[in-house]
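Fold and contact review
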Amino acid sequence: MSRLGGAVENGLHDGLSDMCLLEPLEEDAFIDNLQRRFQGDQIYTYIGSVVISVNPYQSLPLYTHEVIFQYRSRNIYELPPHIYAITDDAYRSMRDRNLDQCVIISGESGAGKTEASKVIMQFVAAVSGKGANIDRVKEQLLQSNPVLEGLYIHGVIKNKNFNDFLFTAFGNAKTTRNDNSSRFGKYMDIEFDYKGDPVGGVITNYLLEKSRVIWQSKGERNFHIFYQLLSGADTSFLKSLKLLRNPESYAFLRHGGCSHIESVDDKHNFTVIKNAMKVIGFKENELSLVFQLVACVLKLGNIHFQHISNFDGTDGCKLINEEEVDEVCDLLGCVSSDLIDALRHRSVRTNTETVQMDLSATEATYARDALCKAIYSRLFSWLVARINDSIRVKSRGKRKSMGVLDIYGFEIFDTNSFEQFIINFCNEKLQQLFIELTLREEQEEYIAEGVQWINVDYFNNAVICDLIEKNNQGILAMLDEECLRPGDTTDQTFLQKLNSLCCTHQHFESRGCRKTQSDRTLPLDAFRLIHYAGAVTYKVTGFLDKNNDLLFRDLSYAMFSCSHPLLQLIFPEGNPQRSSLKRPATAGSQFKVSVNDLMRNLKTKCPNYIRCIKPNDYKRPGLFVKEIVLHQVRYLGLMENVRVRRAGYAFRQIYEQFLYRYKMLCSDTWPLWHGTAKEGVARLFAKLGVHDQDCAFGVTKIFIRNPRTLFCMEDMRKLKMEDLATLLQKIWRGWHHRQIFLRMRQSQIHIASVWRKYRARKEFLRIRHAAIVLCTYTRGWKARRLLKRLRFERQCVWAVGVIRKYFFGWQVRKEYRCKFRATAGPRIVNFLHNALRHRYLMRLREHLPSLSPTDDTWPTPPIIFHSLSEQLREIHHKWRCEKFRNACDQATRNRMREKVTASDLFFDRKINYPRSVSHPFIGDYVNLRQNSKWKKTACDTNDQHLVFADIVMKINRRNGKMVPQLLVLSTNALLVLDQRTLVIKYRIPTSEVESLSLSPFWDKLVIFHLKKNGGDVLTKKGDFLLSSDHVIEIVAKTVLLVQNATSRRPPVYIGTQ
């Protein structure tokens, strides 16, 4: 879809995709168009080549590999608006036309600037070349971006790399507006070779919000790395850093009252950060050094000072908790007395002498906070430099570059201080650059196309930039002058100087100015600037201290003297050999220089803009608050952008694309135009009656002044497209039905041919089968006749042989009958039988098996003695068993009887029976026969013949409670005794046991069923339920005892019921 197609066709549903076509051009229409597109999940909108991005706060299917390659090498207006489109256009312009590019991303905190930079990096990495070295550079670039900023994605984009983790950890923090707000500015230059493959890059950081290290507002957090270190580091590593895991143990982490965020896994992020740092090239010792400095910042925040009065009447202080200082010194490798002196005293040096002054408790706290901010901010700068060393271009040769600027958006808070003043100054410079470059681009395009340039009236914010940065007269210059001026200088003296020099400026207001002297909305300790985005009130409290950014020299010397390797790198001014009395540059002047350098760098490149907007302050998907969006639209100057773009002509497009879209509106150009595209567009406009003042013909593009002209043409195109669609449907239906007819006719011919083939083959098979049957019957008849003749001949030959044999036998018997006795044959046969039988018996005697009854071997007999062998084998086995029984004593026989009984009862009936086979039945498991108490009790009850004794678990049938008892089986009774006192609780004569019950499973339970009438009084309690490891033995012996007492075997029930 072309740009125009996307803009107009979706205009009724998802809104216009290009705000230049908005009619009428009003704020309400602008906001309504954004809202319609937002509600249709169309979060991107164009203003010419500028992309407006609305944060959806949810995942959308806009960033897959398929979408990336859909936008690759396509015209920016062929597809719906997307960051991929502007990135592809910039990348191809750099690669093919050797034009250095930059992408400027702006918007307030939470609008999705960081995520937009990730999308750009993702697209460039996907569409550039492949190869081992190229992939390594891509990975380092993707890892370096994360290391400083993108921790997690709050519902916008989910990058599969661990991108942006290190910068996120050290440079991002939770604010009231954004859980992952970048608290620093970043400009990344990606460098490419002549083929467009990335070869390296350079990162520049701007103004880290280091005041956050020591203080956070309610509901905000410190930088992510502090919480990730405490949550993710293992216990041994934390112990080596002398840290506790609870964030509330540290003063610098308690101010905001928000140590944990539900949507953030600090523990997991710490692991990913360490992996990302290793990929970039950090060594293990470097990781330890970095985390040692982070730990020192936390521990320094717990140092407190107490006021004391010196002998000379001056104020002094002392440390309350010196043990914290000792632990910090252990981590930094310095002497604790040196660090304590540096925190409690300050040395003032002149050319001739050095004077040491005591610090009050308030001044010492300020010195401690300044040291913490210096350590953290310089560590951050060292990380950036270390990453630059890893990703910097190593090879020589001509290179192209694409810059990505992700910097703080315009900030207007309830209380605005020095940080907001500096941030808004940077945004003023970017807005000035945008207006300048946009107008220049428009003018260059008009000149290149030969269209007359029309001057555009717009708000030039250069006057505000001059008010802030002008040499000697600007606000920054006066702030530096007040910081360097000797004498008693305060924030109020600075404000007074502003009132005296800037009160007549139209964009400056304060209570000291005559024009706003009675304005009650303006505090006495503040001034107001009228920015391009609106009026912002700045409180001057802290301006001088934050601009000075002063770190006492004693602390610099103490840090440089530490043995910690990084401290000597990040505190070079502490080197005594390089000491200087020159005052360091102020924070405002440093930032002014870096911003001007950035502006000069951006002016050398072709700019591309992404304006980020957040739809609500609650990070809620689907919620579009018009008031919040309108405020951002105003301070981003988006309406100004549209007016500049539409100042001359609202729409422009290449002739070929324009004619391709609208040629159906003229019969001369449809369906094919044979002339040039410009002539075709002229013929089309003449046919449609478009006046010359409504359009202009450039060299390669057509320019249309009023969007209504486009809308009219689009309406006509829509009607014409309906007619063309009807024509196409008619032609397609005719072709479709003819194809159906042709297929049906071909099918009919094919079916007829197959049927004829089938019928002829079936007739042929029937005839062939009949012929085969006839042949078969004929061959069978001949074969049977031949077989009958051969059988008759064979019978004749057999009969002749039999007759001949009997005849010869008769002749021999007749000749020799007189020479033999009549009984000789039977006697010889009997002799042979006896000889064979004797030989078999002798061999059997020599090969008889052993006397063990379990030996099943037996010699193999001849066939004629098979039955005899079986009889002898049975006799021999019975004889062996008799001898084995005679060799056993009575006790062994009884145990054998018990084993046999157990086999009869439980074989193939209870699962745990096989385990009891190999274990002998001992009977007396508790050595009861030797117990004197038992002997006395047995004499009294006539139970001297003990059969079984063991501790069993008696189960109460009412509540299932198990009680250990002593079970004794004698020849006369079953006894249950107390296991300690041997007092008889129950005695049941064996004759009173009626039956026993068990289950077929692995359990060890047995139920003794007693007779219900008569019997001993102890039997009236009912059946007994017992559990024992020797349940098989108990049941077998009980069955034998009952059988001996009653001459009947009691039934044993084994079942599941």
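Procedures and definitions
- Residues numbered from 1 in each chain as written.
- Predicted model: local features only at pLDDT ≥ 70, side-chain atom pairs only at ≥ 80, totals over all residues.
- Heavy atoms only, no water.
- Helix = DSSP H or I, 4+ residues; strand = E, 2+ residues; numbered from the N terminus.
- Rg over C-alpha atoms; globule rule 2.2 N^0.38 Å.
- Buried < 20%, exposed > 50% of the residue type's maximum accessible area, 1.4 Å probe, protein only.
- Areas by Shrake-Rupley, 256 points an atom, 1.4 Å probe, with all protein chains shown as cover.
- Lys, Arg positive; Asp, Glu negative; His and termini not counted.
- Charge placed at Lys NZ, Arg CZ, Asp CG, Glu CD.
- Expected span 1.5 Å × (residues − 1).
- Arc of directions from axis to C-beta.
- Contact = heavy atoms within 4.5 Å.
- Salt bridge = Lys/Arg side-chain N within 4 Å of Asp/Glu carboxyl O.
- Polar contact = N/O pair within 3.5 Å; in protein donor to acceptor, adjacent residues only side chain to side chain.
- Pairing = 2+ DSSP bridges.
- Axes fitted to C-alpha atoms, helices over the stretch in contact; angles between N-to-C directions.
- Phe/Tyr/Trp six-rings, centres within 6.5 Å; stacked < 30°, edge-to-face > 60°.
- Lys NZ or Arg CZ within 6 Å of the ring centre and 35° of its normal.
- Core = buried A, V, L, I, M, F, W, Y, C linked by side-chain atoms within 4.5 Å.
- Patch = residues over 30% accessible without salt bridge, like charges linked within 9 Å, V, L, I, M, F, W, Y side chains within 5 Å.
- Domains from an automatic or database assignment.
- Buried area = accessible area lost by both parts, 1.4 Å probe.

For the rest of this paragraph, the subject is the overall build of the chain. Regarding its fold elements, the chain presents 33 helices and 27 strands. The globule rule puts the C-alpha radius of gyration for 1057 residues at 31 Å, and the 54 Å found for the chain is more than 25% above it. C-alpha extents for the chain along the principal axes are approximately 170 × 115 × 65 Å. When each of the 1057 residues of the chain is scored for burial, the buried share is 48%. Accessible surface, the chain as shown: approximately 55,000 Å² in total, 54% of it carbon and sulfur. Looking at the chain, you have 151 positive and 114 negative side-chain charges, and the mean spots of the two groups are 19 Å apart.

Okay, helix H29 (residues 866–887) next. Across its 22 residues, H29 extends 32 Å between first and last C-alpha, which sits within 8% of the 32 Å expected from 1.5 Å per residue. Within H29, burial applies to Ser869, His876, Arg880 and Cys881. The arc that holds every buried residue of H29, seen down its axis, measures 135°, which confines them to one face. In H29, the exposed positions that point more than 90 degrees away from the buried face belong to Ser867, Ile875, Lys878 and Asn886.

Looking at the secondary structure, you find Pro486 in the loop between helix H17 (475–484) and helix H18 (491–502). For Pro486 and Cys796, which are 310 residues apart along the polypeptide, the C-alpha to C-alpha distance reads 156 Å.

Moving on: the side chain of Gln965. Here Gln965 is to be found in strand E21 (residues 962–970). Non-local contacts of Gln965, meaning those with residues more than four positions away in its chain, are made with Asp950, Ile951, Val952, Lys954, Val976, Leu977, Asp978 and Lys985.

With that settled, consider the pattern of salt bridges. The final tally for this structure, using the stated rule, is 45 salt bridges. As a salt-bridge pair, Asp193 and Lys195 come within 3.0 Å of each other at their nearest N and O atoms. Asp193 sits in the buried class, given a relative accessible area of 15%. Judged by its relative accessible area of 42%, Lys195 falls in the partly exposed class. Among the ionic pairs, Arg766 bridges to Glu763, the shortest N-O distance being 2.6 Å. Of the two residues, Arg766 and Glu763 are both situated in helix H27 (residues 707–816); the distance of three residues between them amounts to about one turn of the helix. Taking the relative accessible area as the measure of exposure, Arg766 reaches 54% and is therefore exposed. One salt-bridge network, held together by shared partners, links Arg183, Glu209, Arg212 and Glu220.

Along the chain, Asn461 turns up in the loop between helix H15 (418–449) and helix H16 (462–469). A polar side-chain atom of Asn461 sits 2.7 Å from a polar atom in the side chain of Glu428. Leave out the neighbours within four places in its chain, and Asn461 touches Glu428, Gln431, Gln432 and Tyr532.

Strand-to-strand pairing in sheets goes through backbone hydrogen bonds, with the strands running parallel or antiparallel. Judged by pairing direction, the sheet is antiparallel, and its three strands sit side by side in the order E13-E14-E15 without closing on themselves. Of all strands in the sheet, those with a lone pairing partner are strand E13 (508–510) and strand E15 (534–539), marking the two edges. Each neighbouring strand pair of the sheet contributes to a mean axis angle of 25°, computed without reference to strand direction. As paired elements, E13 and strand E14 (residues 526–531) share three bridges and run antiparallel to each other. Looking across to E14, one finds that Glu509 is bridged to Arg528.

What follows is about the pairing of strand E7 (residues 198–206). Residues in a regular strand project their side chains so that they alternate between the two faces of the sheet. Bridge count between strand E6 (residues 185–192) and E7: eight bridges; the pairing is antiparallel. When the sheet's bridge partners are listed, Glu191 is paired in E7 with Gly200. Hairpin remark: E6 followed by E7, antiparallel, with five residues in the connecting loop; positive phi at Gly196, about 90°.

Next up on the list: the pairing of strand E22 (residues 973–977). Within E22, five of the five residues are buried, leaving the element largely enclosed by the surrounding structure. Both faces of E22 are covered, namely the face carrying Ala973, Leu975 and Leu977 and the face carrying Leu974 and Val976. The pairing of E21 with E22 spans four bridges and is classified as antiparallel. Across the sheet, residue Val968 finds its bridge partner in E22, namely Leu975. Taken together, E21 and the strand that follows it, E22, pair antiparallel across an intervening segment of two residues. Bridge count for E22 against strand E23 (residues 984–989) is five bridges, and the pairing is antiparallel. When the bridges of E23 are listed, Leu974 appears paired with Ile988. In sequence, E22 turns back onto E23 through a hairpin of six residues, with Leu982 there showing a positive phi of about 60°.

With that out of the way, let us pick up the packing of aromatic side chains. Inspection of every chain in the model, using the stated rule, returns 31 aromatic pairs. Considering the side-chain rings of Phe658 and Tyr662, the 4.9 Å spacing of their centres and the 45° angle between planes classify their relative orientation as tilted. Placement of the pair is Phe658 and Tyr662 together in helix H25 (residues 655–662), with a separation of four residues, close to one helical turn. Overall, the relative accessible area of 0% leaves Phe658 in the buried class. Centre to centre, the rings of Tyr925 and Phe948 are 5.8 Å apart; their planes meet at 65°, and the pair counts as edge-to-face. Note that Tyr925 is positioned in the loop between helix H31 (913–917) and helix H32 (932–941) and Phe948 in strand E20 (residues 946–955), a separation of 23 residues in sequence. On the basis of relative accessible area, Phe948 is assigned to the buried category, the value being 0%. Members of the aromatic cluster, each reached through a chain of ring pairs, are Phe418, Phe421, Phe494, Phe508, Phe527, Tyr538 and Phe543. Taking NZ or CZ as reference, Arg221 lies 4.0 Å from the ring centre of Tyr227, over its face. Positioned above the aromatic ring of Tyr662 is the side chain of Arg661, whose terminal nitrogen or guanidinium carbon lies 5.9 Å from the ring centre.

Take unusual backbone geometry next. Geometrically, the link from Glu23 to Pro24 is a cis peptide bond, its omega value of 0° lying close to zero. Cis rather than trans, the peptide bond between Trp670 and Pro671 has omega equal to 5°. Among the structural elements, Pro671 can be located in the loop between H25 and helix H26 (677–688). For Tyr57, which is not glycine, the phi torsion reads 55° and is therefore positive. With respect to the helices, strands and loops of the structure, Tyr57 is situated in the loop between strand E2 (50–54) and helix H3 (65–71).

Before going further, it helps to spend a moment on the sheet that holds strand E25 (residues 1005–1010). With mixed pairing, the eight strands of this open sheet are ordered in space as E23-E22-E21-E20-E26-E25-E24-E27. At either end of the open sheet lies a strand with only one pairing partner, and these are E23 and strand E27 (1052–1054). Ignoring strand direction, the axes of neighbouring strands in this sheet form an average angle of 30°. Here H32 sits on the sheet in contact with E20, E21, E22 and E23, set at roughly 40° to E23.

With that out of the way, let us pick up the nonpolar core. The biggest cluster of nonpolar side chains holds 117 residues, and the ones touching the most others in it are Phe170, Phe226, Leu371 and Met559. Among the elements that take part in this core, helix H14 (residues 361–391) stands out by supplying 16 residues, more than any other. With residues up to four places along the chain from it excluded, the contact list for Phe226 reads Leu253, Val294, Val297, Leu298 and Tyr376. Ranked by size, the runner-up nonpolar core spans 92 residues in total, among them Leu21, Phe434, Ala587 and Ala677.

So, on to a nonpolar patch on the surface. Taken together, the side chains of Val348, Val355 and Met357 define a hydrophobic patch exposed on the protein surface, amounting to about 220 Å² of accessible area. Positionally, Val348 belongs in strand E10 (residues 345–349). For Val348, a relative accessible area of 33% translates into the label partly exposed.

Domains assigned within the chain are domain 1 (300–382 + 552–591), domain 2 (418–547 + 592–599), domain 3 (653–768), domain 4 (842–887) and domain 5 (910–1054). The centre of domain 2, based on its C-alpha atoms, is set 60 Å off from the matching centre of domain 3. Across the contact, seven residues belong to domain 2 and eight residues belong to domain 3. The junction of domain 2 with domain 3 conceals about 510 Å² of combined surface from both sides, 56% of it contributed by carbon and sulfur atoms. Viewed at the interface, domain 3 and domain 2 are joined by zero salt bridges. Linking domain 2 to domain 3 there are three residue pairs in polar contact (both at pLDDT 80 or more).

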